[in-house]
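# Residue-level structure breakdown
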Amino acid sequence: MKSIVIRQPNELVLEDRDIPQPAVGEVRVKIKLAGICGSDSHIYRGHNPFAKYPRVIGHEFFGVIDAVGEGVSDARLGERVSVDPVISCGECYPCSIGKPNVCTSLVVLGVHRDGGFSEYAVVPAGNAWTIPDSIEDKHAVMVEPFTIAANVTGQAQPIEQDVALIYGAGPMGLVTVQALKGVYKVKQVIVVDRIAERLAMAERCGADWTFDNSSQSLQTALEEKGIRPTLIVDAACHPSILQEAVNLASPAGRIVLMGFSSDPSQVAQQGITGKELTVYSSRLNANKFPVVIDWLKKGLIDPDKLITHVMDYRHVSDAIERFEKDQKHCCKVLLTFAV
């Protein structure tokens, strides 16, 4: 089989490997589609502190179970599945309180263990979630990105009267827009970014107001409209955002941080305690695959609004480069492996 392997930073190869056999409790998935995420690019470029090399990247993938290991029912053969990349121990403190996404021995497919940019992948049977026939393939592969929004909203618990502000109109910001508007029916969602085309994507995903802060003050614009956001999501992950979010937030507001900036943020405690703000962080997803599958079944979200390119896996280098360099026109790139 062919696998997309990052041998070391900036060295990507299509490698011939033996087709893997599922071990006890595992299934083998014949991959049909996989999505490119920013973290795949970061591993490729050597900017992901968690990755080990060589590595088959890819943590957003969908396919069909074609083999099962000992202890897994043969009835699962032929199932269409989307794979949760989070592998946890189930016993440590985080796992015991429903946060397997920060398990003390966390393993993430495509980061710590070989992932789904391959013609076949073996995964724990419990991580392969059955996709109903009513959900088409290209939507099934988008379950994982939307679990990020499900995790964010699961933490913050949006309500209809919220006024939400999202920093960043990249894929993670856009899935969060769709969750807030389509699932939680939030009254107003504001998106701030510096790329006009991305802001247009945010509007297509349901944003009520978009703002380009490249040359204008967001704080001034909000004050002129008398807006105090009650829920702020940082999907841009710049160190300067946290203090601004504290300044802008309504008293009793919530702030959710996404991403992994290693640069420190300076923030005055007075703004947090004076308004009694709640600050959350969100990593990966905690058992959110069934949540997103249900959203898709009910038509509450629309992955088509994010998918801009579909390319053959053999052109993965071009696909990643397009993803990295064409932020005006490229949002979500899917790789095809099988038909």
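For clarity, every value in this text was computed on a predicted model and none was experimentally measured.

Before going further, it helps to spend a moment on the overall build of the protein. Scanning the protein for helices and strands turns up 11 helices and 18 strands. Contacts in the protein between residues at least 24 apart in sequence constitute 71% of all its contacts with a sequence separation of at least 6. Looking at the protein as shown, the accessible area adds up to about 14,800 Å², and 48% of this sits on carbon and sulfur atoms. Looking at charge distribution, the protein has the averaged site of its 34 positive side-chain charges lying 2 Å from that of its 40 negative ones.

The next point concerns the sheet that holds strand β4 (residues 55-56). Across a sheet, paired strands are connected by hydrogen bonds in the backbone, their directions being either parallel or antiparallel. Taken together, three strands build an open sheet; the order of strands is β2-β1-β4 and the sheet is antiparallel. Bordering the open sheet on either side are β2 (11-16) and β4, each of which pairs with just one other strand. Bridging between strand β1 (residues 2-8) and β2 involves six bridges; their strand directions are antiparallel. Following the sheet pairing, S3 is matched in β2 by E15.

Quick look at the packing of helix α4 (residues 143-156) against helix α5 (residues 171-183) now. At a closest axis distance of 8 Å, the pairing of α4 and α5 adopts a crossing angle of 60 degrees. Judged by the angle between their axes, α4 and α5 are oblique. When the axes of α4 and α5 are compared, the crossing they make is right-handed. Here P145, F146, I148, A149, V152 and T153 of α4 come into contact with α5, specifically with M172, V175, T176, Q178, A179 and L180.

This part covers helix α10 (residues 289-298). Taken together, the buried positions of α10 are F289, V292, I293, W295 and L296. Angular distribution of buried residues about the axis of α10 spans 155 degrees; they occupy a single face of the element. Away from its buried face by more than 90 degrees, α10 exposes K297 and K298. Buried residues in α10 make contact with β6 (80-83), β10 (128-130), α3 (137-140), α4 and α5.

Let us now look at the pattern of salt bridges. Any two side chains of opposite charge can pair, on the condition that their charged atoms come close. Inspection of the entire model under this criterion finds 19 salt bridges. For D114, the salt bridge is made with R55, and the minimal N-O distance between the two is 2.6 Å. Placement of the pair is D114 in the loop between β8 (107-108) and β9 (120-124) and R55 in strand β4, with a sequence separation of 59 residues. When salt bridges that share partners are traced, they join R7, E11, E15, R17, R55 and D114 into one network.

This paragraph deals with the UniProt feature "domain: Alcohol dehydrogenase-like C-terminal" (unreviewed entry) in the protein. The residues that UniProt annotates with the feature "domain: Alcohol dehydrogenase-like C-terminal" (unreviewed entry) are residues 171-297. Helix makes up 43% of residues 171-297 and strand 19%, whereas the separation of the span's terminal C-alpha atoms amounts to 21 Å.

What follows is about the environment of I255. Residue position: I255 is located in strand β15 (residues 254-258). Judged by its relative accessible area of 0%, I255 falls in the buried class. For the pair I255 and G274, spaced 19 residues apart in sequence, the C-alpha to C-alpha distance is 15 Å. Beyond its immediate sequence surroundings of up to four residues, I255 is in contact with I232, L242, A245, V246, L277, T278, V279 and Y280.

The next thing to look at is the side chain of E144. Note that E144 resides in helix α4. One buried charged residue, E144, remains without a salt bridge, the closest side chain of opposite sign being K332 at 6.3 Å. Other than its neighbours up to four places away in sequence, E144 contacts H59, E60, P85 and F289.

What counts, and where the lines are drawn
- Residues numbered from 1 in each chain as written.
- Predicted model: local features only at pLDDT ≥ 70, side-chain atom pairs only at ≥ 80, totals over all residues.
- Heavy atoms only, no water.
- Helix = DSSP H or I, 4+ residues; strand = E, 2+ residues; numbered from the N terminus.
- Contact = heavy atoms within 4.5 Å.
- Areas by Shrake-Rupley, 256 points an atom, 1.4 Å probe, with all protein chains shown as cover.
- Lys, Arg positive; Asp, Glu negative; His and termini not counted.
- Charge placed at Lys NZ, Arg CZ, Asp CG, Glu CD.
- Pairing = 2+ DSSP bridges.
- Axes fitted to C-alpha atoms, helices over the stretch in contact; angles between N-to-C directions.
- Parallel < 35°, antiparallel > 145°, perpendicular 65-115°, else oblique.
- Left-handed = near helix turned anticlockwise from the far one by under 90°.
- Buried < 20%, exposed > 50% of the residue type's maximum accessible area, 1.4 Å probe, protein only.
- Arc of directions from axis to C-beta.
- Salt bridge = Lys/Arg side-chain N within 4 Å of Asp/Glu carboxyl O.
- UniProt positions renumbered as here; feature names shortened; annotations may be inferred.

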